[in-house]
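So you can see what is in the structure, the chains are spelled out below.
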Amino acid sequence: AIKWMPTQRGTRLMISGWWGLARKINYTGDWLMSLSWCLTTGFVSPIPYFYCTYFAVLLIHRAVRDEHMCRTKYGADWDKYKKHVPYVFFPYLI
């Protein structure tokens, strides 16, 4: 069953399933897909890896912006939510 955390705004934040493991788990999947494309080229040249590096920077920057937006939107509820889901990208790491 999906678990939700109610907010003062009257909305709910998901605290189970994939989004119970990390707040931006979908970004992790996106980045792993970009890495897999780069890995198909081997290790002869670093040039293909600029793609997954650029994408990582883009996703981290977006996550920082989302963090600010959610803190503004949910207030104290955002801190409670972060206690339920402490990781951003990789469960038990980051």
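Residues numbered from 1 in each chain as written. Predicted model: local features only at pLDDT ≥ 70, side-chain atom pairs only at ≥ 80, totals over all residues. Heavy atoms only, no water.

Peer 1: Talk me through the pattern of salt bridges; I want residue IDs and the actual numbers.
Peer 2: The final tally for this structure, using the stated rule, is 6 salt bridges. In this structure, Lys24 engages Asp66 in a salt bridge whose closest nitrogen and oxygen atoms are separated by 3.0 Å. Of this pair, Lys24 sits in the loop between α1 (18-21) and α2 (25-39) while Asp66 sits in helix α3 (residues 49-74); the two residues are 42 residues apart in sequence, bridging distant segments of the chain. For Lys24, a relative accessible area of 17% gives the class buried. (Salt bridge = Lys/Arg side-chain N within 4 Å of Asp/Glu carboxyl O. Helix = DSSP H or I, 4+ residues; strand = E, 2+ residues; numbered from the N terminus. Buried < 20%, exposed > 50% of the residue type's maximum accessible area, 1.4 Å probe, protein only.)

Peer 1: Mind laying out the nonpolar core, listing which residues take part and the relevant values?
Peer 2: Judged by nonpolar contacts, Met5, Leu13, Ile15, Cys70, Tyr74, Trp78, Tyr81 and Val85 together constitute the single largest core of 8 residues. Setting aside chain neighbours within four positions, we find Leu13 in contact with Lys3, Trp4, Met5, Thr7, Tyr74, Trp78 and Tyr81. By size, the runner-up hydrophobic cluster in this structure holds 5 residues, among which are Tyr27, Phe55, Leu59 and Ala63. (Core = buried A, V, L, I, M, F, W, Y, C linked by side-chain atoms within 4.5 Å. Contact = heavy atoms within 4.5 Å.)

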